[in-house]
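Residues per chain, in single letters:
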Amino acid sequence: MKRLYVVVDMQKDFIDGSLGTREAQEMLPRMVDRLTEIQDREDTDIIFTMDTHGSDYLETQEGKNLPVQHCIKGTDGWQIADVLQEFAERAVATVEKPSFGYTGWQDIAKGYDEITLGGLCTDICVISNAMLLKAFFPEIRLRIDSTCCAGVTAESHNNALRAMKMCQMDII
């Protein structure tokens, strides 16, 4: 069985930067533990995604709806969390995405039997990428690592988990 673990947007701005939350900060050690556990498995690859915006972010549709500059390419807040850098360096890919969901999954996620997602934010980018993966690969087992996710709020995190479960994803 060939597995993929997708680490969604574990960037400084979402952890303790402009859009950081206590939940994200509390989840970070669990993500380190999970990646430590799976990094040497021969049957599991790791991919990181990075929310990536330009200096014109506030002029975009997203920026007009969420007028908080974040993950501006090249800034410190755009960087993957320091404690995850070693994992990112060993990942099979790191993809930059200008929106909530990455649209290139068909090219880099094919050939896997199981895909697990963890990261930030459960209720925005995790669910967006999970739904895209489900649409592109309806027969692949899709899992959400709920202990390694955090939402904007605890309520929105739980709502997103329920929605993904209803879409036949395993919540672990």
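In this text, all values refer to a predicted model and were calculated from it rather than measured experimentally. (Residues numbered from 1 in each chain as written. Predicted model: local features only at pLDDT ≥ 70, side-chain atom pairs only at ≥ 80, totals over all residues. Heavy atoms only, no water.)

## Re helix α6 (residues 122–136)
Under the 1.5 Å per step criterion, the end-to-end length of α6 is 20 Å for 15 residues, consistent within 8% with the ideal 21 Å. Residues Thr122, Cys125, Val126, Ile127, Asn129, Ala130, Leu133 and Lys134 constitute the buried set of α6. (Helix = DSSP H or I, 4+ residues; strand = E, 2+ residues; numbered from the N terminus. Expected span 1.5 Å × (residues − 1). Buried < 20%, exposed > 50% of the residue type's maximum accessible area, 1.4 Å probe, protein only.)

## Regarding the packing of aromatic side chains
How two aromatic rings sit relative to each other is given by the distance of their centres and the angle of their planes. According to the stated counting rule, one finds two aromatic pairs in the structure shown. Ring centres of Tyr102 and Trp105 lie 5.2 Å apart, and the angle between their planes is 85°; this geometry places the pair in the edge-to-face category. On the basis of relative accessible area, Trp105 is assigned to the buried category, the value being 0%. Consider the rings of Phe136 and Phe137, whose centres lie 6.5 Å apart with planes at 70°: the pair is edge-to-face. For Phe137, a relative accessible area of 13% puts it in the buried group. Geometry around Tyr112 places Lys2 over its ring, the cationic atom sitting 5.1 Å from the centre. (Phe/Tyr/Trp six-rings, centres within 6.5 Å; stacked < 30°, edge-to-face > 60°. Lys NZ or Arg CZ within 6 Å of the ring centre and 35° of its normal.)

## Examining helix α2 (residues 22–38)
Across its 17 residues, α2 extends 25 Å between first and last C-alpha, which sits within 8% of the 24 Å expected from 1.5 Å per residue. A maximum bend of about 30° is found in α2 at Leu28, where proline Pro29 lies one to four positions downstream. Where α2 is concerned, the buried positions are Ala24, Met27, Leu28, Met31, Leu35 and Ile38. Buried-residue contacts for α2 involve β1 (3–8), α1 (12–15), β2 (44–51), α4 (85–90), β4 (114–120) and β5 (141–150). (Bend = angle between axes of the 7 residues up to and from the residue. Contact = heavy atoms within 4.5 Å.)

## Examining the sheet that holds strand β3 (residues 93–97)
Ordered by their spatial adjacency, six strands build an open sheet running β3-β2-β1-β4-β5-β6, and the pairing between neighbours is parallel. The sheet is open, and its two borders are formed by β3 and β6 (170–171), each paired with just one other strand. Of the strand pairs in this sheet, β2 and β3 are connected by five bridges, and their pairing is parallel. Across the sheet, the residue bridging to Met50 is Glu96, located in β3. Each of β1, β3, β4 and β5 touches α6; the most contacted strand, β4, lies at about 160° to it. (Pairing = 2+ DSSP bridges. Axes fitted to C-alpha atoms, helices over the stretch in contact; angles between N-to-C directions.)

The quantities given are spatial measurements derived from coordinates; they are silent on function.
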